[in-house]
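# Breakdown of the fold
Here is how the chains run, residue by residue.
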Amino acid sequence: MLSLAWQTIRTRLGGFAGAFIAILCGTALVAGCGVLMESGLRAGVPTQRYAAAAVVVGGAQTVHPPGADALTSEQVGEQPSVPETLAGRIASVPGVRAAVAEQSFPAQVVTASGEVLGGPQSLGHNWDAAVLAPFTLRAGAAPAAPGDVVLDADLAQRAGVGVGGQVRIATRSVPQTFRVSGVVDALSRQSALFFTPQRAAELTGQPGQAHAIGVLAEPGVTPETLAERIGAVVAGAEVTTGVERSTIEFLDVSQTRLLLLAVAGSFGGFALLVAVFVVASTLALTINRRRREFALLRAVAATPRQIRKLIGIETTLVALVAGVLGGALGLAVAAGLRDAFAAIGVIPPDFALAISPLPPIAAVLLGLGAARLAAWAASRRPSMIRPVEALGEAAVERRELGRGRSITGWSLVLVGFGGALVPLFLRGEIGTAISTMATLVVVIGLAVVGPQVTALVMRVLAPVLGRVWRISGYLAGANAQANTRRLAAAVTPLMLSIAFALATFYSQTSSTAAAAEESARSTTADYVLSGPAGVSPEVAAAVARVPGVAAATPVVRTSVIVATATGDAMDVQRKPAQGLAGDQVRGALELGVDAGRLADLRGDTVALSRSEADWLDKKIGDEVSFYFGDGVPAKLRLVATYTRDMAFGDFVLPVGLAREHNGGRLDDSVLVRRSPDADPAVIASALRSLPYPGLTVASSPSAPEGGERQAQFYLNLVAVGVIVGYLAISVANTLVLTTAQRSREFALLRLVGTTRRQVTHMMRLEALATVGIAVVVGTVVAVVPLALLNVGLRGNPLPSGPLSVYFGIIGGAALLGLLAMGLSTWVALRARPIDAIGLRE
C-alpha cells in the first residue's frame, strides 16, 4: 500500500500540490503561535537595574484566589510592591551577601523652558540600590545631602548639565531644584536618577514599601539554590532569577508574557481550525478529481478500508514533508509576528523569543492530525460506493447532500444567527467576541451545505447568464448548475475570508466607537488637564483654588481583578476601573447613576456598573470583594450603581484608594467645570499657568481614550491580517485546483466547435459568478451580526468604521479570485485539444 501511495504521489504531483501548500502554510502559522506561547512562558528582556543581583524579590505578579485551581490566575495591572522589612529577613538567609530594597518612582527632568524632558521612561531610585546593576560613577560622587541627585550619562547629556550643575526635577509635586553630585553609566530602555535613601523614601509616596529587593549572593552559591532558600521565608512574594528578573523590573514584560500566552493560544487555535477547514476543502477537491481512479479500484475488488487506507497514507506522506518544512518556517512567522506586535506597541521591542524544538514538533503533529482528519472526512464517499455503481458515479458528480450533512449545516447556520442576538442583551467585550464567533459559525454551516446554497443561487443566475451572453453564458450557467460541489469548493474559502475580515475589523471599530460616543456624552467638563506621564495629585486641589472653577475632578485610570465562582470552577478576570472624587463628579461626569449616590464615594466604598452589580448579585450597602490592580485584596461597601460602563469600566473607586494602588501614585487627568459666570479665556489662562510642567489644557468634552483598547484593536488587526493572508493563499490554491482539473473538459468543448475565446469568456463569467456569490453571501453573513452588535452597543444598526476598508476587502477578494481562475484557465488552454483530451484525470 505504501508503494502504491508513493507511486500515486509521484505521478500526481500537481494534484497534491494544493494539499501540500495548505498544510505547509497552516503548520507554519501554528508553529509560529507555538513559539509565541513558549515565549510567553519563559522569555523576556535582559534585566538592567538588577544585572548584578542573583535573585530579585518583588510583589506577586499574578492573583490566584483561594479555592481556584492551579492554572486559574490573572496578571496584575499595576506595579505591586513589597515591605522594606522583608530585606532584613532575606539578609539572614544562608548564602546571602546583601539584600537591598530598591525604591522606584516617576522622576522627570524639567528644562529651562518649563517643559518635561522627553526620552525613555525616567525613574528615581535610592542610591544604595545602585549596587544591584551595578551603576558605576563616571564623575562626581554619590548623593550625600537631600538636595543632591545622580543622573545617568544619557540623561545628563540631554539635560545639558554636568557635575555641580543645577537641575529641576518633578516627581509627585511641583519641580524642585537639585545639585548634580555625580554621573553614572546609562541604561538602554530607561533613564535613572538617584537620591539619598531618605529623600527617595519621601518622594516615592509609599512609606515602608519597596519596588523590589535585590539579593547579592555569597561566592559559590548558585542563584537557583539561593532562590529556593529565599522562597521558604517570603511566602506570597515573587522570587525570580535569570531572565525572570525582568518581570519584576518592568511591568510591561510581565504583561507581555501573559498577552502572548492569551493571543497566541486563541490565535493558534483559530489558525488550526481554519487549517483543518482549508486542508479538508483542498483534499476533497484532489480526491474528487480522482473519482474515476477510485471507481476503477472499487470495480476490481478494492475494499472501502483499502481505499481509505490508501488516501490516508498519501495524505500522511504529503503532510509529513509539508509539516516539517512548515515547522521550520514557523520560526520566521513567529519573528514576524513579534516584530509586528512591537511595531504597534503591544510588546516591548527588545522582548526576545524563546526558541526550542517543541513548538515546531507540536505543529507538525497537529498538522499531521488535521490532515488525517481531513483525509478521513474526504475519503468516506469514494470508499463507500458499491462496486456496481463505481463507474457510473465517476461519470457524473453527485448533486444531492446526505440528510445528516444538511441537518448539520443548517443547524450551524441557525445557531450562528442565534448567537448574533447575544449582543442585544450582553454588552462589552464578551458580546463583541460572541458576535465575531457567530459569524464564523454561520460561515462553517454554509460551507457544509455549500452545494445547496450555490445550486439555489445558480438556479436564479444561470438563465440570466444565458440570455445576456448566449453561448458563453449558457455554458457557464450549465457548468455551475451541474457542478455545484465544485463551485461551492471555490466559493467557500473566498466567502470565509470576506466574512471573517469584515466581522473582525468592524466589530472592533464599532466597539471602540461605542465607547468613544458614550464617553463624549458622559464627559460634561469644560476642560481636561493631562500630562505625558501623568498628573500630580496636587493639581486637582490647585485647580479647585482657581477663581471661577466650580469643580475639579481627578481621574485615575486603573484596573481591578474579580474572582467569581461559576459552578465548580473559579472565573478570574481583570476589568477596567477608575478612581474619582465623588464630591466633585457632579457636572463633570454623567455616569448614568440609577441607584445610590456617587457623592458617597469616599473611604472604603465602591460604585459598580449595573451589569456588574447584577452579575455579582450586589445591592446598595452590600460588601464587594475583589483585588486592586496591584493584587491587594479589597472589601468595599457598594454606594452606587451606574449604566454607562463602556466608557468608565465596571468599577469606580474613591480617588485616594485608586492612587494608593497605582504604581506611579499619579492621576491620569483632571476634569474641570467652570462657574456659569466665569470667563472661559481667563480660566484657561489660569490653568495653563499652574506650576506643573507638561500639563496640557484641552477644551474638549471627550475624555481621553484608553490606550489598552487602541492596542487591542491593532493587535486584532495584525491577527486578522495573518489569518486573511493564509486564507488568501488557500483561496488561490483552491481556485487554481478547481480550474486546472478541467483541462479535459476544455479540450472536449473545443473539439466540438467551441472557440478558445468562448471558453475563456465562459470561465470569466464563472469567475464573476464565483466572486459575486462569495461577496454577497460573505457580506450578508458578516453584516447581520454586525448590525445586531451595533444595535446593542450604539442603538444604530450601521457598523462604525471607514467604508473604504469594506471596498478594499471585497476588491482584494474579487481581484484574487479573478486572477487565480484567469491564469489557471490560460495555462489549461495552452495545450492542444487533441493532446489535452487524452490526459489522465
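No experiment lies behind these values; they were computed from the predicted model shown.

Thresholds, definitions, all that
- Residues numbered from 1 in each chain as written.
- Predicted model: local features only at pLDDT ≥ 70, side-chain atom pairs only at ≥ 80, totals over all residues.
- Heavy atoms only, no water.
- Buried < 20%, exposed > 50% of the residue type's maximum accessible area, 1.4 Å probe, protein only.
- Helix = DSSP H or I, 4+ residues; strand = E, 2+ residues; numbered from the N terminus.
- Pairing = 2+ DSSP bridges.
- Polar contact = N/O pair within 3.5 Å; in protein donor to acceptor, adjacent residues only side chain to side chain.
- Contact = heavy atoms within 4.5 Å.
- Phe/Tyr/Trp six-rings, centres within 6.5 Å; stacked < 30°, edge-to-face > 60°.
- Lys NZ or Arg CZ within 6 Å of the ring centre and 35° of its normal.
- Salt bridge = Lys/Arg side-chain N within 4 Å of Asp/Glu carboxyl O.

### So, the pairing of strand β8 (residues 121–126)
Here β8 lies mainly inside the structure; 5 of its 6 residues are buried. Here strand β6 (residues 105–106) pairs with β8 via 2 bridges, running antiparallel. Bridging across to β8, Pro106 finds its partner in Leu123. Judged from the 6 bridges that link them, β8 and strand β13 (residues 190–195) form a sheet pairing that is parallel. Within β13, the residue paired with Ser122 across the bridge is Ser191.

### Quick word on unusual backbone geometry
Here the bond from Ala133 into Pro134 is cis, since omega is -10 degrees, no more than 30 degrees from zero. Along the chain, Pro134 turns up in the loop between β8 and β9 (137–140). Positive phi is not limited to glycine here, since Asp617 has a value of about 60 degrees. Position of Asp617 among the secondary structure elements: in the loop between α18 (610–616) and β22 (623–628). Even without a glycine there, the phi angle at Arg665 is positive, about 55 degrees.

### Overview of the side chain of Ser173
For Ser173, the position within the fold is in the loop between β11 (166–170) and β12 (176–184). Polar contacts involving the side chain of Ser173 include one to the side chain of Glu538, which spans 2.8 Å. Among residues more than four places away in sequence, those in contact with Ser173 are Ser536, Glu538 and Tyr692.

### Side note on the packing of aromatic side chains
The way to describe two aromatic rings as a pair is by their centre distance and the angle between their planes. Counted by the stated rule, this structure contains 8 aromatic pairs. Ring geometry for Phe505 against Tyr506: centres 5.1 Å apart, planes inclined by 90 degrees, an arrangement best described as edge-to-face. On the accessibility criterion, Phe505 (11% relative accessible area) is buried. Among the aromatic residues, those joined into a ring-pair cluster are Phe105, Phe178 and Phe195. A cation sits over an aromatic face here: Arg189 above Phe250, 4.2 Å from the ring centre.

### Quick word on the pattern of salt bridges
Summed over the entire model, instances satisfying the criterion amount to 20 salt bridges. Note that Asp154 and Arg158 form a salt bridge whose closest N and O atoms lie 3.0 Å from each other. Pair noted here: Asp154 and Arg158 are both in helix α4 (residues 153–159), with a separation of 4 residues, about one helical turn. Classification of Asp154 by relative accessible area gives partly exposed; the value is 29%. One salt bridge connects Lys575 with Glu612, and the closest N-O pair in it is separated by 2.6 Å. Placement of the pair is Lys575 in strand β19 (residues 569–580) and Glu612 in helix α18, with a sequence separation of 37 residues. You can call Glu612 buried: its relative accessible area is 3%.

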